[in-house]
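# Close look at the chain arrangement
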Amino acid sequence: MNALIGQPVRRREDARLVVGRGQFTDDVQLPGMVYAVMVRSPHAHARIRGIDASRALGMPGVLAVFTGRDLEGVLGSVPTAWIPPNSDLKQTPHRPLAVDTVRYVGDAVAMVVAEDRYVARDAAEAVVVDYEPLPAVADVMAAVAEGAPLVHADAPGNIALHWKAGEVPDEVFARAEVVVRQRFRQQRLIPNPMEPRAAVAQYDSATGHLTVWMTSQNPHIHRFILAGILGIPEHHLRVVAQDVGGGFGSKISCYPDEALVAHAARVLRRPVKWVEDRSEHFTATTHGRDHVQEVELAGRRDGTIEALRVKAWANLGAYLSTAAPGVPTILFGLIVNGCYRIPQASTEVFGVYTHTTPVDAYRGAGRPEATYLIERMIDLFADAIGMDPVEVRRKNFVPRDQFPYTNPFGITYDSGDYERALQRALERIDYAALRREQAALRAQGRYLGIGFSTYVEMCGLGPSEVAGAVGFQGGLWEHATVRVHPSGKVQVFTGASPHGQGEETTFAQIVAEKLGVPFEDIEVVHGDTDRITMGWGTYGSRSLAVGGSALAVACQRLVEKGQRIAAHRLEAAVEDVVFEAGRYQVRGVPDRSLGFQEVALQAHLAWNLPPGVEPGMEASSAYNPSNFTFPFGTHVAVVEVDPATGAVELKRYVAVDDCGTPINPLIIAGQVHGGIVQGVGQALWEGAVYGEDGQLLTTSFLDYAMPKARFFPPIETEATVTPSPHNPLGVKGVGETGTIAATPAVVNAVIDALKPWNVRHLDMPLTPERVWRAIHGKGAQG
Amino acid sequence: MIPERFRYHRARSLDEALDLVAQAPGQARILAGGHSLIPLMKLRLAQPQWVIDVEEVAELRGIREEGEVLHIGAMTRYRELMTDPLVARDAPLLALAARRVGDLQVRNRGTVGGALCHADPAADLPAAALASDAELELRSRRGQRRVALGDFLQGPLTTDLKPDEVLVAIHVPRRPGWGVAYQKFPHPASGYAVVGVAAAIAAESGRVARVCLGVTGVGPRAYRAAASEERLVGTGLDPEVLRAASAVVTDGIAVNHDQFASAEYRRHLAATYAERALAAAWAAIQA
């Protein structure tokens, strides 16, 4: 029972989820509930000449049609919550419903509310919007070109932000023995969690209280922002996110839709439900990535990297989403050196407005974009100097005795042993034998490729002081309350907001071990702003490192309180009582002990407490971490390319991840597998494509290729353990390692397979045609 | 993802189904497995006023020998094609293609008749049914007619099915001993064929006596690659002949192009997959 940390405990939430008993937002059924459907722009850029809702309003069962004009002065703008300093951020108003101008396909123009979903959907089609189409721009480089159509009049050149970190003088490159330059395109991705977004709002006209059930990764942040948009006091708003079916970052953002639904409930005095359908998700929910990067690396022929210079253009879409300005700057630009000791590095980023769906965090958020470029550059550099890419990595790793290591951007990596993870991976795949096999197969006309990615990520977001310094408009601490009831049963209230990460299990494991209480006696409560004191939510691989640490601190407070009570009851000095395996024991007197749960009962009864000890058994912690955490590892992909078709087959995948002290290896494996699958998805299949007119061309699962189980060999995982020195659990986080590591590993493998044809680089996704064209020297797709 | 309002009727017999489609010509759609029709309706790309479910129509079911042909009821599921012993013996190409259709759910629900009447230009079954010389049995209140599949398929989602007609069955010549293969390059998103080639070969004394090559995913409809077939008859299918015959597999076809595959690449894939399918079918005879 007690040694629960580190055990592969099965996820307790799965039982209800697999039998369909989860409580997702669309499961919320309220008496008198009505339904909302959004009318969305089919144009990327157009002037709204008029909206005629008369036919829709005349349809039986239609209650209301809201337009942007109706809401002027009623609902506030949807704000961004990240304002990077010295970035000249051009914040432009994002009205919940477009007024006068639509700026992307999917921009909401009106909301129809009706008695049922069917009527609402029919009525939405009956709303006639008179559009005057205007020139649009979707591509990030086209948007910064001279004369491009402007997305916002007050953002000249479509530049939303311009941000720089570090400085590398030109002389460094002029003097270098070797300079490698490459332009990379990080294609745009569509998050596609299993559950699309949804909201249900209920208004209590007696108290003025609004309850909003919604798909949220951070209910307290949503409450904070929604209260602002709705113009109501925060304590009149309750946000509930019970079960949430994945988010991958897309459910961090605050969108217009949830505010609109809440407003409709308030106006109509009826509960209102809105559920995004899958087609809608493709344009109405934030996308991820979408950079063009120009990268220069200076090094010596012996494999030493001397400098790195990055210039990137990040497509932010039509409006600034909640965390959007921070993703391609802070979360990307400060860690482009990866796990390498590069003496000089700089990043310059242009955030660019385009007539496309807003772009925000997507699993990894900035760090995959950084890791991809440095891991690709390592391979290009290795190729340029004729060195094995593994040796180049080894030569430039931050050595294990250099931690804490401060990188050229002032970020301090907590702990690491990059060499050990690499070594483990090399042994697992038997690198030397694999290279021999590759050579032998090439002689037979078969093309194997081996690709590495030795990554480090900046996770466990993060110290609140740093949040402030980098312009994040919130704190990044986390709150936990541990409440021990008189019976000894425990409820844990966490501000982390799991949406698939399994924290009902892992957090109970932590508490069970820390308090010595049976796992079954612990319930983890999350996702409700009325039940949870405060929280900053789940993203950036922070729940365990920050939320879990808050829990550990709260448990320690309870243990200490119990110790005073136990000592008093056992008539021993506090320092003579030890707490082990859930019992307070008088040192050296085996028959004098009390269990934690017995002590909890005494604390509640308060018949005989030591002086100065208050009754009850509850503790809270607002844990503010002192640094980020820096998980790392080595991933290896082995692919085979069919030169006749360009098809890439993933033959083998080995992942060695170090996420500090493991809490639950089963859940870690799940996170690693899922992340790898998503990361490989970016490398090989996924990619949102816009036409030049700003129409999204990949609008369904018929043409947007999500990874499928049959595309994968068994994923082989291993771990090394290098605890984080600065949190009480020693944990680092593992939610994003897969998407950060897998993408460059697979691309490096494919490029390695294409060596016989001297292919230097291909942009993602590495579709069969793209690979086939490279092999047959056919140039880009027409 | 919510269809327009429609009326649903479950027909209990073929007569009833024929009455229903005759009453609402052009306004009714037959619901077979539903895995193509329902998504189209949810996207409002199909908006039939009447949906006539033929789930319970016994006359549309069953696989049986009728002399030289195999009669396969229109409501035969992919799963039945994959597991039926008569199909395995006499028309195994249909089973091979069925195995590559969609996912488990689609194979459990989707039907032969649904696939052919829907006429998706990238569906698997039409290629195999064309290479099997399938003939369609169509009924209406006006009577019965038979039409070759090659004439029935007209374009993307377009067939010769008249508004008052119901597809009852397909008839395929029984061809035990032929070498068959279906080779498919699936789209990573949809699973539909970017290119799918069904090959069936009959051999006599080591030479190709007859060959049927059905191609899907490449043009506006599935088609028989006559130019390729002509070059193969009478040959020993040696590599040069195979390559030359495969190279003309898209002759005369307006080749599709989309985000995933340009026309040039698709043409190349078609030739590659024709070569692979023919070689596999040939190898199946030798085995």
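Keep in mind it's a predicted model, so treat the numbers as computed, not measured.

Residues and elements named next belong to chain A. The tally for this structure, following the rule as stated, stands at 85 salt bridges over all chains. A salt bridge links Arg223 to Glu234; the nearest nitrogen and oxygen atoms lie 3.8 Å apart. With Arg223 in helix H7 (residues 219-230) and Glu234 in the loop between H7 and strand E11 (237-240), this pair connects stretches of sequence that are 11 residues apart. Close ionic contact of Glu640 with Arg446 constitutes a salt bridge, the shortest N to O distance being 2.9 Å.

Moving on, we get to the environment of Arg210 of chain B. Residues and elements named next belong to chain B. Position of Arg210 relative to the elements: it lies in strand E13 (residues 207-216). For Arg210, a relative accessible area of 44% translates into the label partly exposed. Between the alpha carbons of Arg210 and Val233 there is a distance of 6.0 Å; along the sequence they are 23 residues apart. In this view, Arg210 contacts Asp133, Arg175, Trp178, Ala200, Ile201 and Ala202; residues no more than four positions away in its chain are not counted.

We now examine the pairing of strand E10 (residues 166-173) of chain B. Residue and element names in this part refer to chain B. When you tally the buried positions in E10, you get seven out of eight residues, the bulk of the element. Relative to E10, strand E5 (residues 69-73) runs antiparallel, the two being bridged by five bridges. Across the sheet, the residue bridging to Leu70 is Val172, located in E10.

A few words on the nonpolar core. All names here are of chain A. Membership of the largest hydrophobic core comes to 160 residues, with the highest contact counts inside it found for Tyr653, Val680 and Val750. At 10 residues, helix H11 (residues 367-385) tops the list of elements feeding residues into this core. The residues touching Val750, leaving out its near neighbours within four places in the chain, are Val639, Val641, Val648, Leu684, Leu766 and Val771. The next biggest cluster of nonpolar side chains, apart from the first, holds 48 residues, and it includes Val492, Ile522, Val586 and Ala603.

A separate point is the sheet that holds strand E4 (residues 63-66) of chain B. Residue and element names in this part refer to chain B. Taken together, the five strands give an open sheet; going across it, the order is E4-E5-E10-E6-E7, and neighbouring strands pair in antiparallel fashion. One side of each edge strand has no neighbouring strand; the edge strands of this open sheet are E4 and strand E7 (143-148). Along the sheet, successive strands turn relative to each other by an average axial angle of 25°, direction set aside. As judged from the five bridges shared by strand E6 (residues 135-140) and E10, these two strands associate in the antiparallel manner. In the strand pairing of E10, Glu137 is matched with Ala169. The sheet strands contacting helix H1 (residues 14-23) are E6 and E10, and the helix crosses E10 at an angle near 120°.

Right, let's talk about the state of the cysteines for a bit. Per the counting criterion, the structure on display carries zero disulfides over all chains. Here Cys659 of chain A stays unpaired: no disulfide links it, and the sulfur of Cys459 of chain A, its closest cysteine neighbor, is 10 Å away.

Turning to the interface of chain B and chain A, a few remarks are in order. Across the boundary between the two partners, chain B contributes 23 residues, which contact 30 residues of chain A. Summed over both partners, the interface of chain B with chain A comes to about 2,200 Å²; 56% of that surface belongs to carbon and sulfur atoms. Here chain B is connected to chain A by five salt bridges. Among the salt bridges present, the one from Arg276 of chain B reaches Asp642 of chain A, with a minimum N-O distance of 2.9 Å. Inspection of the region where chain B meets chain A yields 12 residue pairs in polar contact (both at pLDDT 80 or more). Broken down by element, the side of chain B that touches chain A gets its largest block of residues, seven residues, from helix H12 (residues 263-286) of chain B. Across the side of chain B that touches chain A, the residue classes break down as 12 nonpolar, six polar and five charged.

Here the focus is unusual backbone geometry. Cis rather than trans, the peptide bond between Phe403 of chain A and Pro404 of chain A has omega equal to -5°. Its identity is not glycine, yet Glu571 of chain A carries a phi of approximately 55°, on the positive side. Counting through the fold element by element, Glu571 of chain A comes out in the loop between helix H17 (543-569) and strand E22 (577-580). By relative accessible area, which is 72% here, Glu571 of chain A ends up exposed. Unlike most non-glycine residues, Ser205 of chain B shows phi in positive territory, near 40°. As for its position among the elements, Ser205 of chain B is in the loop between strand E12 (193-204) and E13.

Residue and element names in this part refer to chain A. Across the sheet, three strands lie side by side as E4-E2-E6; this open sheet has antiparallel pairing. Two strands bound the open sheet, and with one partner strand each, they are strand E4 (101-102) and strand E6 (128-133). Pairing of strand E2 (residues 46-52) with E6 involves six bridges; the strand directions are antiparallel. Each bridged residue has a counterpart across the sheet, and for Ile51 the counterpart in E6 is Val129.

Before going further, it helps to examine the packing of aromatic side chains. Enumeration according to the criterion identifies 21 aromatic pairs over all chains in this entry. Considering the side-chain rings of Trp772 of chain A and Tyr265 of chain B, the 5.1 Å spacing of their centres and the 55° angle between planes classify their relative orientation as tilted. Taken together, the residues span two chains, with Trp772 of chain A in helix H21 (residues 768-775) and Tyr265 of chain B in helix H12. The exposure class assigned to Tyr265 of chain B is buried, which follows from its relative accessible area of 0%. Both rings, one in Phe185 of chain B and one in Tyr273 of chain B, keep their centres 5.8 Å apart while their planes meet at 90°; by these two values the pair is edge-to-face. Pair noted here: Phe185 of chain B is in strand E11 (residues 179-186) and Tyr273 of chain B is in helix H12, with a separation of 88 residues, a long-range link. For the pair Phe185 of chain B and Tyr273 of chain B, a shared accessibility class is recorded, and that class is buried. Through pairs of rings, three or more aromatic residues link up here, namely Tyr340, Phe397, Phe403, Tyr418 and Phe632 of chain A.

Reading the values: the criteria
Residues numbered from 1 in each chain as written. Chains lettered and ligands numbered in written order. Predicted model: local features only at pLDDT ≥ 70, side-chain atom pairs only at ≥ 80, totals over all residues. Heavy atoms only, no water. Salt bridge = Lys/Arg side-chain N within 4 Å of Asp/Glu carboxyl O. Helix = DSSP H or I, 4+ residues; strand = E, 2+ residues; numbered from the N terminus. Buried < 20%, exposed > 50% of the residue type's maximum accessible area, 1.4 Å probe, protein only. Contact = heavy atoms within 4.5 Å. Pairing = 2+ DSSP bridges. Core = buried A, V, L, I, M, F, W, Y, C linked by side-chain atoms within 4.5 Å. Axes fitted to C-alpha atoms, helices over the stretch in contact; angles between N-to-C directions. Disulfide = S-S within 2.5 Å. Buried area = accessible area lost by both parts, 1.4 Å probe. Polar contact = N/O pair within 3.5 Å; in protein donor to acceptor, adjacent residues only side chain to side chain. Nonpolar A, V, L, I, M, F, W, Y, C, P; charged D, E, K, R; others polar. Phe/Tyr/Trp six-rings, centres within 6.5 Å; stacked < 30°, edge-to-face > 60°.

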